[in-house]
Amino acid sequence: MTSKISPSLMCIDFTNIEEDIKLLKASNVDYLHFDIMDGNFVPNYTFGPDFMNSIRKITDLPFDIHLMVENPERKLDFFNIREGDIVSIHYESTTHVQRVLEKIKDLGVTPSIALNPSTPICCIEDILDDIGVVLIMTVNPGFAGQKMIPAMLNKIGRLRHYLDIKGYKSIEIEVDGNVSFENSRRMKKAGANIFVAGTSSIFSNRKNIRNGVYRLKAQIMD
Ligand code: DX5
Ligand code: ZN
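Note that the structure is a prediction, hence the values are computed from the model and not measured.

**Comments concerning the pattern of salt bridges**
Across all of its chains, the model carries 9 salt bridges by this definition. Taking the shortest distance from any N to any O, the salt bridge between Lys4 and Glu172 comes out at 2.8 Å. One end of the pair, Lys4, is in strand E1 (residues 4–7); the other, Glu172, is in strand E7 (residues 172–176), and 168 residues separate them in sequence. As far as the burial class goes, Lys4 and Glu172 line up, both buried. One salt bridge in this structure joins Arg56 and Asp85, with 2.4 Å as the shortest N-O distance. Residue Arg56 is located in helix H2 (residues 49–56), and its partner Asp85 is located in the loop between strand E3 (63–68) and strand E4 (86–90); the two are separated by 29 residues in the primary sequence. Take Asp85: its relative accessible area is 1%, and that puts it in the buried class.

Below is the structure:
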């Protein structure tokens, strides 16, 4: 599967955001990753709909919206979701997961299910027809700058195998958390193809994000 890069905007230099987003676009990244946090599902807060709408005005890159919020079904309509976007909800964040995924599909965008490190792969057994992406949290969600949980590499491999033997080869695997230059190569080998790039890679040197993209691509491109 084609490797794709999704820079995590919570890690960008907010004082230089317009120029850096133009640099990311010029570096041919595939998405912009928005970690939406409500201080409830995860301890942290980040940004909301108004911030996303302002970014819509300065780029045509598709958005990779990661809802780390309780009951995302109550929040979807706040976000100006557009064709080409991915919208990830956490399996752990709502009672009626399939209903929310169906609502995302009805919006004409790619539904994605995000799994916390301790949530087993078997939980998605009955929603494989409702998703286009599985987002594997390789750290506990909420903060940048953490270290990958080593067991998550094996989880990525088991998930890829599980999806393939079930006949869902087209479902993509996104990884989020400490996607460093070194880890990204191992994650790719394990079966991931969408890489959330944060402080561990692209934004490790905020003064040269173009080089960060180049170095990450060198690890994950076929
Ligand atoms: C965790 C966050 C981080 C961030 C990436 O909830 O989602 O994974 O995007 O940042 P680093 O590369 O610092 O993990
Ligand atoms: Zn994320």
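**A word on the nonpolar core**
Judged by nonpolar contacts, the single largest core of 66 residues is most densely connected at Phe34, Ile113 and Ile124. Here this core gets 5 residues from one element, more than from any other, and that element is helix H4 (residues 151–165). Not counting residues up to four positions away in its chain, the partners in contact with Ile124 are Ile113, Leu115, Ile131, Val134, Leu159, Tyr162 and Leu163.

**Details of the packing of aromatic side chains**
Going through the model one piece at a time under the given rule, you end up with 6 aromatic pairs. Three or more aromatic residues link up through ring pairs in this structure, and these residues are Phe14, Phe34, Phe47, Phe51 and Phe63. One Lys or Arg, Arg56, reaches over the ring of Phe63 and ends 3.8 Å from the middle of that ring.

**A word on the site of ligand 1**
Of all residues adjacent to ligand 1, which total 19 residues, the nearest are Gly145, Asp176, Asn178, Thr199 and Ser200. In the environment of ligand 1, an oxygen atom lies 2.3 Å from a nitrogen or oxygen atom belonging to the side chain of Thr199. Between Ser200 and ligand 1, the recorded distance is 2.7 Å, taken from a side-chain N or O atom to an oxygen atom. Here ligand 1 has 360 Å² of accessible area as a free molecule, and 100% of this is covered by the chains. Among the cavities detected, the one that contains ligand 1 is the largest cavity. Grouping the constituent residues of the shell around ligand 1 by class yields 9 nonpolar, 8 polar and 2 charged.

**Description of the coordination of the zinc ion (ligand 2)**
Only His33 (NE2), Asp35 (OD), His66 (ND1) and Asp176 (OD) from the protein reach the zinc ion (ligand 2) as donors, at distances of 1.9 to 2.1 Å. Between the 4 donor atoms coordinating the zinc ion (ligand 2), the angles at the centre fall across 92 to 154°, so the site counts as irregular. A relative accessible area of 0% places His66 in the buried class.

Definitions and limits used
- Residues numbered from 1 in each chain as written.
- Chains lettered and ligands numbered in written order.
- Predicted model: local features only at pLDDT ≥ 70, side-chain atom pairs only at ≥ 80, totals over all residues.
- Heavy atoms only, no water.
- Salt bridge = Lys/Arg side-chain N within 4 Å of Asp/Glu carboxyl O.
- Helix = DSSP H or I, 4+ residues; strand = E, 2+ residues; numbered from the N terminus.
- Buried < 20%, exposed > 50% of the residue type's maximum accessible area, 1.4 Å probe, protein only.
- Core = buried A, V, L, I, M, F, W, Y, C linked by side-chain atoms within 4.5 Å.
- Contact = heavy atoms within 4.5 Å.
- Phe/Tyr/Trp six-rings, centres within 6.5 Å; stacked < 30°, edge-to-face > 60°.
- Lys NZ or Arg CZ within 6 Å of the ring centre and 35° of its normal.
- Near = heavy atom within 4 Å.
- Polar contact = N/O pair within 3.5 Å; in protein donor to acceptor, adjacent residues only side chain to side chain.
- Areas by Shrake-Rupley, 256 points an atom, 1.4 Å probe, with all protein chains shown as cover.
- 1 Å grid on protein atoms, 1.4 Å probe; cavity = no way out; pocket = protein on both sides within 12 Å on 5 of 7 lines; lining within 4 Å.
- Sits in = over half its atoms within 2 Å of the grid points.
- Nonpolar A, V, L, I, M, F, W, Y, C, P; charged D, E, K, R; others polar.
- Donors = N, O, S within 2.8 Å, 3.2 Å for Na, K, Ca; no water.
- Tetrahedral: all angles 85-135°; square planar, octahedral: opposite > 155°, others 65-115°.

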